[in-house]
Amino acid sequence: MPVNVLFAAKTERWTVYEAPLRAAFAQAGIEVHLAMDIPPAEVDYIIYAPNSDLQDFTPYTRAKAVLNLWAGVEAITGNKTLHIPLARMVDPGLTKGMVEWVTGHVLRYHLDMDTDVLRTDAKWEPREVPLAQERSVVMLGLGALGAAAARTLVQLGFNVTGWSRSPKEVAGVDCLHGPEGLKEALHRAEIAVLLLPDTPATTNTLNAETLALMPKGARIINPGRGPLIEDAALLDALDTGHIAHATLDVFREEPLPPENPYWAHPNVTVTPHIAAETRAGTASQVIAENVRRGEAGEPFINLVDRALGY
Ligand code: NAP
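These numbers come from a predicted model, not from an experiment. (Residues numbered from 1 in each chain as written. Predicted model: local features only at pLDDT ≥ 70, side-chain atom pairs only at ≥ 80, totals over all residues. Heavy atoms only, no water.)

**Here's the deal with the pattern of salt bridges**
Inference 1: Inspection of the entire model under this criterion finds 17 salt bridges.
Inference 2: The partner of K64 in a salt bridge is E295, and the shortest N-O contact between them spans 2.8 Å. Here the residue K64 occupies a position in the loop between β3 (45-48) and β4 (65-68), and E295 occupies one in helix α9 (residues 280-296), the gap between them amounting to 231 residues.
Inference 3: When the shortest N-O distance is used, the salt bridge between R188 and D174 registers 2.7 Å. In this pair, R188 is assigned in helix α5 (residues 178-188) and D174 in strand β8 (residues 174-177), connecting sequence segments 14 residues apart.
Inference 4: Under the relative-accessibility criterion, D174 is labelled partly exposed at 37%.
Inference 5: Here the salt bridges share partners, and the residues they tie into one network are E289, R292, R293 and E298. (Salt bridge = Lys/Arg side-chain N within 4 Å of Asp/Glu carboxyl O. Helix = DSSP H or I, 4+ residues; strand = E, 2+ residues; numbered from the N terminus. Buried < 20%, exposed > 50% of the residue type's maximum accessible area, 1.4 Å probe, protein only.)

See below:
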């Protein structure tokens, strides 16, 4: 009997995922009936994007797990109709993309690339560009993405401090945790990168009080989620120059509305939530592995702790 796997995401994603998923299931030796329309009571696994039409899991009486296509799960953890295991996406392709995006933006700040690109009327004033070893970068969040980005920054020579909820060890990274750890980390943050999930405990991690702990002229890169930053406090800190610049990929409201002050602020770079995307090829292998585990009675990987919200 094939395993019934429902693909519950926007139709345009089906065209991207169908072939890689079929290949991954075949490679894993799992016979599946994979489709976008399977009677709910016959579905064994749900491949899921939180923006799909499926919001009520009640009729999926025999389903064993929901396998999320996205790394962020804030749009599904509160779903009261979901009572089966929820796995989030930890995709090697997505991780590579995030590491490259974060590294690029850290280097842009570190090397002051915007300042050094001269126009014809500019003064020719060579300066000594600091080395990475003279720069302190703080990674808020040391999960799949934060730890990977931190490791690459360490390889480039940066002084990297990391911060997480629980104690962590990442080679070459000074790992701090808890509320006191946050204060210590922010004191050091010439460049801060936010790779925390959006949960009740992480809302407004950067606010007026915590922004004030950062050194004057610090820069902020947020590829995590919009609610991690209290927007009014950041705009104030940018206006006073306490924060020199912010690169924001994620926002409380997306697309960012035209009237939002971030658009017009000279010291803000806005990017359209493109830091890292799930890559169908590698993500399909992760999904097939979880279905294999479910069928073999083995524990699922990348399970979400719904009480913690990530
Ligand atoms: P993850 O593996 O779950 O890691 C989350 C990290 O945040 C962990 O280190 C965790 O601490 C820490 N954390 C959670 N709550 C905390 C708290 N209250 N205080 C301090 N630290 C806390 O997640 P991930 O895969 O790295 O992804 C991180 C986020 O990136 C996602 O949730 C998503 O929102 C965002 N993302 C954005 C894009 C984009 O394109 N912009 C793409 C993918 C993902 P512990 O280690 O102690 O658990």
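**Notes on the nonpolar core**
Inference 1: By size, the foremost hydrophobic cluster in this structure holds 30 residues, and its most contacted members are L140, L211, M214, I220, L234, I243 and Y262.
Inference 2: Every element with two or more residues in this core is listed here: β6 (136-140), α5, β9 (191-194), β10 (218-222), α7 (231-240) and β11 (243-248).
Inference 3: Per-element tally for this core: the top contributor is α7, with 5 residues.
Inference 4: Residues in contact with L140, not counting those within four places in the same chain, are W163, L182, L186, V193, L194, L195, L196 and L206.
Inference 5: Membership of the second largest hydrophobic core comes to 27 residues, among which are A24, L34, L67 and A280. (Core = buried A, V, L, I, M, F, W, Y, C linked by side-chain atoms within 4.5 Å. Contact = heavy atoms within 4.5 Å.)

**Quick notes on the sheet that holds β9**
Inference 1: What the 7 strands build is an open sheet, ordered β8-β7-β6-β9-β10-β11-β12; its pairing is parallel. What marks the edges here is a single partner per strand, and that holds for β8 and β12 (268-270). Each adjacent strand pair in this sheet contributes to an overall mean axis angle of 15°, direction not counted.
Inference 2: Relative to β10, β9 runs parallel, the two sharing 3 bridges. Within β10, the position partnered with I191 by the bridge is R219.
Inference 3: Along the sheet, α7 makes contact with β10, β11 and β12, crossing β11 at roughly 135°. (Pairing = 2+ DSSP bridges. Axes fitted to C-alpha atoms, helices over the stretch in contact; angles between N-to-C directions.)

**Thoughts on the sheet that holds strand β2 (residues 32-35)**
Backbone-to-backbone hydrogen bonds join strands into a sheet, with any given pair of strands oriented parallel or antiparallel.
Inference 1: Ordered by their spatial adjacency, 5 strands build an open sheet running β2-β1-β3-β4-β5, and the pairing between neighbours is parallel. In the strand order of this sheet, the two ends are held by β2 and β5 (86-87), each with one partner.
Inference 2: Set on the sheet, helix α1 (residues 11-27) makes contact with β1 (3-8), β2 and β3; between it and β2 the angle comes to about 175°.
Inference 3: Helix-sheet contacts for α9 involve β1, β3, β4 and β5, and the interaxial angle to β3 is about 160°.

**What to know about the pairing of β11**
Inference 1: For β11, the tally of buried residues reaches 5 of 6 residues, placing the bulk of the element in the interior.
Inference 2: Sheet analysis places β10 next to β11, joined by 5 bridges and oriented parallel. Across the sheet, residue I220 finds its bridge partner in β11, namely A246.
Inference 3: At this point the chain moves from β10, through α7, to the parallel β11, and the crossover so formed is right-handed.
Inference 4: Relative to β12, β11 is paired through 3 bridges, and the arrangement is parallel. Residue pairing across strands places A246 opposite V268, the latter belonging to β12. (Right-handed = clockwise from strand over helix to strand, strands pointing away.)

**Section: the packing of helix α2 (residues 92-110) against helix α4 (residues 144-156)**
Inference 1: With their axes 9 Å apart at the nearest point, α2 and α4 run at an angle of 50° to one another. Judged on the interaxial angle alone, α4 and α2 are oblique. The chirality of how α2 crosses α4 is right-handed. Residues L94, T95, M98, V99, V102, T103, V106 and L107 of α2 form the contact with α4, whose participating residues are A144, L145, A148, A149, T152, L153 and L156.
Inference 2: For the contact of α2 with α4, the per-class residue count stands at 12 nonpolar, 3 polar and no charged. (Parallel < 35°, antiparallel > 145°, perpendicular 65-115°, else oblique. Left-handed = near helix turned anticlockwise from the far one by under 90°. Nonpolar A, V, L, I, M, F, W, Y, C, P; charged D, E, K, R; others polar.)

**Looking at the pairing of β2**
Inference 1: Across 4 bridges, β1 lies against β2 in parallel orientation. Residue pairing in the sheet places V5 in a bridge with L34 of β2.
Inference 2: Note that the unit made of β1, α1 and β2 has a crossover that is right-handed.

**Topic: the domain arrangement of the chain**
Inference 1: Split into domains, the chain comes out as domain 1 (3-91 + 278-296) and domain 2 (94-270).
Inference 2: For domain 1 and domain 2, the distance between their C-alpha centres works out to 33 Å.
Inference 3: Counting from both sides, the interface comprises 8 residues of domain 1 and, opposite them, 6 residues of domain 2.
Inference 4: Surface buried jointly by domain 1 and domain 2 totals about 620 Å² across both partners, of which 49% is contributed by carbon and sulfur atoms.
Inference 5: There are 1 salt bridge connecting domain 1 and domain 2.
Inference 6: Between E74 and R225 there is a salt bridge, with the nearest N and O atoms lying 2.7 Å from each other.
Inference 7: On inspection of domain 1 and its partner domain 2, the count reaches 3 residue pairs in polar contact (both at pLDDT 80 or more).
Inference 8: Of the residues contributing to the side of domain 1 that touches domain 2, the split by class is 2 nonpolar, 2 polar and 4 charged. (Domains from an automatic or database assignment. Buried area = accessible area lost by both parts, 1.4 Å probe. Polar contact = N/O pair within 3.5 Å; in protein donor to acceptor, adjacent residues only side chain to side chain.)

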